[in-house]
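# Topology and contacts: notes
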Amino acid sequence: LGESSAHGSYYPLESTFAARLGDNLSARNPGQKIRVINAGVGAALSDGIAHYGFESLQYQPDLLVLYLGNNDMSHFVAMAGFRGFSARSIKLRYLLDRLRIVRVLNDLLPQGLLDRFAGAPPDSGYLDLEEMSANDRSLLLTLAEANATQNIERVVRRANQQGAQVLIAVQAQNQDICPADRLEDSSSGCFPETLRRIAIEAGRRSGATVVDVPAALRHHAGGQLTGIAGAEYFYDTVHPTLLGHAVIARSLTPQAEDLLLGNQAP
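The shown structure was predicted, so the numbers you read here are calculated from the model rather than taken from an experiment.

Let us now look at the layout of surface pockets. Volume-wise, the second largest pocket comes out at about 960 Å³. Along its surface, the second largest pocket is lined by 32 residues, and Arg 35, Val 36, Ile 37, Pro 61 and Leu 63 are the ones closest to its centre. Within the residue set of the lining of the second largest pocket, elements represented by two or more residues are α2 (17-28), α3 (46-56), β1 (63-66) and α11 (242-262). When its residues are assigned to classes, the lining of the second largest pocket shows 19 nonpolar, eight polar and five charged.

The following block contains the structure:
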């Protein structure tokens, strides 16, 4: 479950880390029937990914693998750049969406009434020429981090209730494009430390296992944790190359195997 980097945009499905994870698990467990479904969706935010996670539980999976966070960090700020949005309106919507009574009323009210209130002025789809303030940008990044963290936690808790294990993978970024002086910058799309916090905090709150994918890529790049995982592993800021997919799958395999074996009936 994840964004386009999990879906494996521009590569055949059999080349993605989801498929390679299945291949690795099958090779390590001959005789076991293992099926992996790639449910990554390009451009998805964590709200949508959480929905896909809930939907996937109808197939009674043994394990969900979550690899996400980048889109929330980049899209919240981009969305506020349009005239129909603002940092404060996005914050209000974020807070309202987390109130159960608001969700119940949203389901009960007639759709026509909702459409009337949802109407937007004709120029709302145009970019706002006024530059966003540093405070508004900081607010949006804080909301984006909280949104992704809470959505991952929601998926873990729902999955655990239905007997499924969850593996949270720290999403990795290209260190050639994201050097130390461009980190946590919405204009560059570089959020390595935030993506790490999202996964670790969601794992801490929910008790889910977390795999440090960036560390695995750095280790592969330099034979030690201080290597640079750059253009050899990513073809842009966040989307893995074929080698990147292979290394990500390798990093996930041992923990995925442990969770699967521990989830089997005796």
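Moving on, we come to the sheet that holds strand β2 (residues 165-169). In space, the three strands of this open sheet follow the order β1-β2-β3, with parallel pairing throughout. On the outer flanks of this sheet lie β1 and β3 (209-211), each paired with one strand and no other. On average, adjacent strands in this sheet sit at an angle of 25° to one another, irrespective of strand direction.

Burial within β2 is extensive, with four of its five residues counted as buried. Traced from β2 through helix α9 (residues 192-206) to β3, the parallel crossover comes out right-handed.

Per the counting criterion, the structure on display carries seven salt bridges. Here Glu 257 makes a salt bridge to Arg 28, at a shortest N to O gap of 2.7 Å. Of this pair, Glu 257 sits in helix α11 while Arg 28 sits in helix α2, and the two are 229 residues apart along the sequence. Residue class for Glu 257 comes out buried when judged on its relative accessible area of 11%. The salt bridge partner of Glu 153 is Arg 205, with a shortest N-O separation of 3.4 Å. With a gap of 52 residues between them, Glu 153 in helix α8 (residues 134-161) and Arg 205 in helix α9 connect regions that are remote in the sequence. Bridged by salt links that share partners, the residues Glu 153, Arg 157, Glu 201, Arg 204 and Arg 205 form one connected network.

Procedures and definitions
Residues numbered from 1 in each chain as written. Predicted model: local features only at pLDDT ≥ 70, side-chain atom pairs only at ≥ 80, totals over all residues. Heavy atoms only, no water. 1 Å grid on protein atoms, 1.4 Å probe; cavity = no way out; pocket = protein on both sides within 12 Å on 5 of 7 lines; lining within 4 Å. Points joined across faces, edges and corners; volume = space filled by probe spheres on them. Helix = DSSP H or I, 4+ residues; strand = E, 2+ residues; numbered from the N terminus. Nonpolar A, V, L, I, M, F, W, Y, C, P; charged D, E, K, R; others polar. Pairing = 2+ DSSP bridges. Axes fitted to C-alpha atoms, helices over the stretch in contact; angles between N-to-C directions. Buried < 20%, exposed > 50% of the residue type's maximum accessible area, 1.4 Å probe, protein only. Right-handed = clockwise from strand over helix to strand, strands pointing away. Salt bridge = Lys/Arg side-chain N within 4 Å of Asp/Glu carboxyl O.

Interpretation in functional terms is not warranted from these geometric data alone.
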